[in-house]
Amino acid sequence: MPASKPATRQIVAALLSPAFPALILLAFLGIAIALKLGADNQHNHQLQATLAAEAQALARDLERRFDNHVQALTRMANRLVVTPDTPEDAWRADARNYLADFGSYQAIEWIDGDYLIRWLEPVNGNGQAAGFNVAFSSSRRQALARAAATGDLDTSGVIELAQGGTGLVIYAPVGAGDANRGFIAGVFKMADLASSLMTERARNVFRIDIHENGRLAYRLGPEAAGQDAYRQQVTVNLPNIEWRVTLAPSTAWLASRHSNLPWIAFSVLLVVGILVSLSTLLIQLVLKRHQDLLKTRSELDQEIRQRQLIQQDLARLESTDTLTGLANRRFFMEDLSHALSLADRHQRQLALIMIDLDRFQMLNDSLGHQFGDELLIKVSERLNALSDERVLVAYSGGDEFMVCQQHVDAIDDVIHLLGQLQKCFAEPFSIQRQIHGITATMGIAVYPQSGLDADELLRNADIALYRAKESGRNTYQFYTEGMQDREVRRLELDKDLNLALEQDQFLLHLQPKLDLDTLKMDSVEALIRWQHPTRGLVPPFEFIPLAEESGRITDIGRWVVMAACRQLAAWSQGPLAHLRIAVNLSGRELDDEHLIDNIQQALAEHNVPANRLEVELTEEIFIQNIERNRNQLVRLHELGVHLAIDDFGVGYSSLAYLRDFPVDLLKIDRSFITNVTDRHDDAVITRAVINLAHNLGVKVVAEGVETEQQLQFLRQHRCDYAQGYLISRPVSAEQLEKLLLDDYSPLRQD
Ligand code: C2E
Ligand code: MG
Ligand code: MG
């Protein structure tokens, strides 16, 4: 849900904002204030209710007590009605009883029909009231007259008493109407009345205001009291007057009722609010810190990941060859060491295979580096298809590949892999829109028998490869015991080859070709020999490949041509002037652009006609770098030099080149001739080659003729020339001269 993500992020941002704890504090403050106000309100209500209840209780109490006094006075009045001639003493005794019973009267009086106070009790303190006319005002007189007429009770209201002070008088009529004999009056001083009618507690706690007919008639209680906000007013109904009594609580009472709870609740909530907002702030800080840490951590993780990727890339670059994408030599050697330690621990065999592409150098030189690179890439692709957890394929540089095969249980495993490797070259390669058949030669060293460490295995696989190359290409060779010695010899020869030319250690041996038609010898092949100062006569197969590899072959070839021309010149004036000398040219020599000039120069220098010279080239030269080689050979041909194809039949199946090149002679390879009389297929091939050559107008030479039967066969099938030990081994010029001048012919007897 992508839409909810920003919303969640906004909520998180709001929760982490500094305003959030402030909001929490404000919320708690609001709640605390509301709670405090509510509690105060509640408290006030309670106070008001308590006060109202107190006021009501006070009013009812006042009414009840007043009623008691009224009833007592009424009873006294009634008794006087019943016994009108009650003696004064009896009345006084009665009055004193009442006084003793109630205790709150200032005085009890009998007032006659003329409103004069006649008797009063107690006399003490009230003396000045005796004989006082209580109808001292018209309103009083009217009220008393009405009471006398009706027999209803009259109350004076708060008045100034004749005895002094403020007070209240209740008049209970003694009989009604005409039978009225005055009143029994109860006089109360307000101070005494209040103190008797109201409880001590009420008097101390409340200020009590008594309003009569709207005016303040009496005030009781502490003057300081009077929290007007809390005052309560009640009506007290007395006989024919009405009081409004106002109750105001004293500060002390209010204080005693005061509750700290609202404040405590307020403070507690405020403190809680502060704590919660502080905690939120703290949590925010912790979360922010945590977020920062997470961010830093993810940045670090990213950094680490990038570094790891870079390291992986570097490791891959370090271990991979950039052109072919295969493991490079360094990585291969590390892996080989590791594989060797595993093989050692598990007592297993391991094979190291060196692969060399045949003719790669020549192709690379002639068709260009671009071509070479593409070929290497294509070969790598095919080889790499064989790599798995047991087989590591690496590119070693140049035209060399290396393969390490682990877990070798038997040598058959290696042979199987070699078969697969050879299959990689079975199909031709299409490079730059041309098809090229490429082969490979391999050298194999097997651990532990061919070496115990990586370097030794590598050296020995290299030696085996060299041997394989020597014995012809497109093959493989396992390293064997004696190879090491031969390798040492090879390296020494290579070193000594440096001096061979300048110290004039080469010589030419000559081998004649017999014309099977005329039985004459008018052509000889020049075969080079190296007269080594310590090793004696070294045959060409031991040093020509070395010279080809190092490039010294160009100089050696030039020497051969020069020596042949010198020999031709030497013969030119004698009986052997008709002889032609054939020299062997290797492919590398043909790459030398000065080759033709050099030959021409040598011929000219010795004043030798070009048709006295013949060059022998192996088939592959006609296949490789066709354009360039063709130009060189056409130039040679135009010069008049004869052209022969050496070792015909072993190299290539294509014969098209025979048509394109100016060939004079075909030399059937010795391998066909050796068994030509025993093997049917060799005989068939030989016959076919002879016919083919003749059809193309080319002459044929059979190489390696060693027996009479072979010679017979060749003659029978109209082969043009024969060369071989049967006729003569390659010999020195002197020996040859002797041979030819003796007119030797192996067929002379025929
Ligand atoms: P190649 O040109 O095919 O020479 C023929 C080889 O066969 C010679 O070996 C020769 O001695 C040998 N041979 C001749 N008849 C017989 C025979 O009846 N039986 C046997 N078993 N062998 C016979 P050689 O002299 O050792 O030369 C080997 C190769 O070295 C030559 O093969 C040629 O390719 C190369 N070579 C020789 N001289 C030169 C040279 O001056 N320059 C170059 N580039 N290569 C040369
Ligand atoms: Mg030859
Ligand atoms: Mg040959």
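Keep in mind that this is a model prediction, so the values were computed, not measured.

Student: Kindly report on the sheet that holds strand β7 (residues 215-220), identifying the contributing residues and their values.
Tutor: Taken together, four strands build an open sheet; the order of strands is β7-β6-β9-β8 and the sheet is antiparallel. Of all strands in the sheet, those with a lone pairing partner are β7 and β8 (232-238), marking the two edges. Neighbour to neighbour, the strand axes of the sheet diverge by 25 degrees on average, direction disregarded. Taken together, the seven bridges between β8 and strand β9 (residues 241-249) define a ladder with antiparallel strand orientation. Note on β9: the bridge partner recorded for T235 is R244. Against the sheet, helix α2 (residues 19-82) engages β6 (206-212), β8 and β9, with an angle of about 15 degrees to β8.

Student: How would you summarise the packing of helix α18 (residues 595-605) against helix α20 (residues 626-639) if you had to cite specific residues and measurements?
Tutor: One way to put it is that α18 packs onto α20 with a least axis distance of 10 Å and a crossing angle of 20 degrees. Comparing the axis directions of α18 and α20 gives the class roughly parallel. Seen from above, α18 lies across α20 with right-handed handedness. Facing L595, I596, D597, I599, Q600 and L603 of α18, the residues of α20 in contact are Q632, R635, L636 and L639.

Student: Let's hear about the coordination of the magnesium ion (ligand 3): which residues, and what values?
Tutor: Protein ligation of the magnesium ion (ligand 3) involves D646 (OD), D647 (OD), E703 (OE) and E703 (OE), the donor distances falling in the range 1.9 to 2.7 Å. Motif for the magnesium ion (ligand 3), donor spacing along one chain: D-D-x55-E. Here the magnesium ion (ligand 2) and the magnesium ion (ligand 3) are spaced 4.0 Å from one another, each receiving a donor from D646. You can see D647 sitting in strand β22 (residues 642-648) and its partner E703 sitting in the loop between β24 (699-702) and α24 (708-716), a full 56 residues away along the chain. What makes E703 buried here is its relative accessible area of 11%.

Student: So what's going on with the side chain of S586? Residues and values would help.
Tutor: Mapped onto the secondary structure, S586 falls in the loop between β20 (580-585) and α17 (587-590). There is a polar contact of 3.4 Å between the side chain of S586 and the side chain of E548. Discounting chain neighbours no more than four positions away, the residues touching S586 are E548, I553 and I621.

Student: How would you explain the site of ligand 1 if you had to name every residue and give the values?
Tutor: Near ligand 1 you find 21 residues, and of these R529, N584, D646, E706 and Y725 are the closest. In the model, an oxygen atom of ligand 1 is placed 2.7 Å from a nitrogen or oxygen of the D646 side chain. Taking E703, its side chain carries an N or O atom lying 3.1 Å from an oxygen atom of ligand 1. Protein burial of ligand 1: of its 790 Å² of free accessible surface, 83% is covered by the chains. At the level of secondary structure, the elements contributing two or more residues to the shell around ligand 1 comprise β18 (523-532) and β22. If you tally residues by element for the shell around ligand 1, the top one is β18, at four residues.

Student: Please give an account of the packing of aromatic side chains that cites residues and values.
Tutor: Inspection of the entire model under this criterion finds 13 aromatic pairs. Centre to centre, the rings of W263 and F266 are 5.6 Å apart; their planes meet at 90 degrees, and the pair counts as edge-to-face. Here the residue W263 and the residue F266 both occupy positions in helix α8 (residues 261-319), the gap between them amounting to three residues, near one helical turn. Classification of W263 by relative accessible area gives partly exposed; the value is 45%. Seen in terms of ring centroids, F425 and F429 are 6.2 Å apart; in terms of plane orientation they differ by 55 degrees. Their pairing is tilted. For F429, a relative accessible area of 1% puts it in the buried group. In this structure an aromatic cluster arises from ring pairing among F506, W530, F543 and W559. Against the face of F429 rests R382, its NZ or CZ located 3.8 Å from the ring centre. It is R490 that lies over the ring of Y466; its NZ or CZ is 3.3 Å from the centre.

Student: An account of the state of the cysteines is needed here, citing residue identities and associated values.
Tutor: Applying the stated criterion across every chain yields a total of zero disulfides. Unpaired in this structure, C404 has its nearest cysteine sulfur neighbour in C424, at a distance of 17 Å. The exposure class assigned to C404 is buried, which follows from its relative accessible area of 2%.

Student: How would you explain the coordination of the magnesium ion (ligand 2) if you had to name every residue and give the values?
Tutor: For the magnesium ion (ligand 2), the full set of protein donor atoms is E525 (OE), N584 (OD1), E616 (OE) and D646 (OD), at a range of 2.0 to 2.3 Å. Between the donor residues of the magnesium ion (ligand 2), the gaps in sequence give the motif E-x58-N-x31-E-x29-D. We classify E525 as buried; its relative accessible area is 4%.

Reading the values: rules and limits
- Residues numbered from 1 in each chain as written.
- Chains lettered and ligands numbered in written order.
- Predicted model: local features only at pLDDT ≥ 70, side-chain atom pairs only at ≥ 80, totals over all residues.
- Heavy atoms only, no water.
- Pairing = 2+ DSSP bridges.
- Helix = DSSP H or I, 4+ residues; strand = E, 2+ residues; numbered from the N terminus.
- Axes fitted to C-alpha atoms, helices over the stretch in contact; angles between N-to-C directions.
- Contact = heavy atoms within 4.5 Å.
- Parallel < 35°, antiparallel > 145°, perpendicular 65-115°, else oblique.
- Left-handed = near helix turned anticlockwise from the far one by under 90°.
- Donors = N, O, S within 2.8 Å, 3.2 Å for Na, K, Ca; no water.
- Buried < 20%, exposed > 50% of the residue type's maximum accessible area, 1.4 Å probe, protein only.
- Polar contact = N/O pair within 3.5 Å; in protein donor to acceptor, adjacent residues only side chain to side chain.
- Near = heavy atom within 4 Å.
- Areas by Shrake-Rupley, 256 points an atom, 1.4 Å probe, with all protein chains shown as cover.
- Phe/Tyr/Trp six-rings, centres within 6.5 Å; stacked < 30°, edge-to-face > 60°.
- Lys NZ or Arg CZ within 6 Å of the ring centre and 35° of its normal.
- Disulfide = S-S within 2.5 Å.

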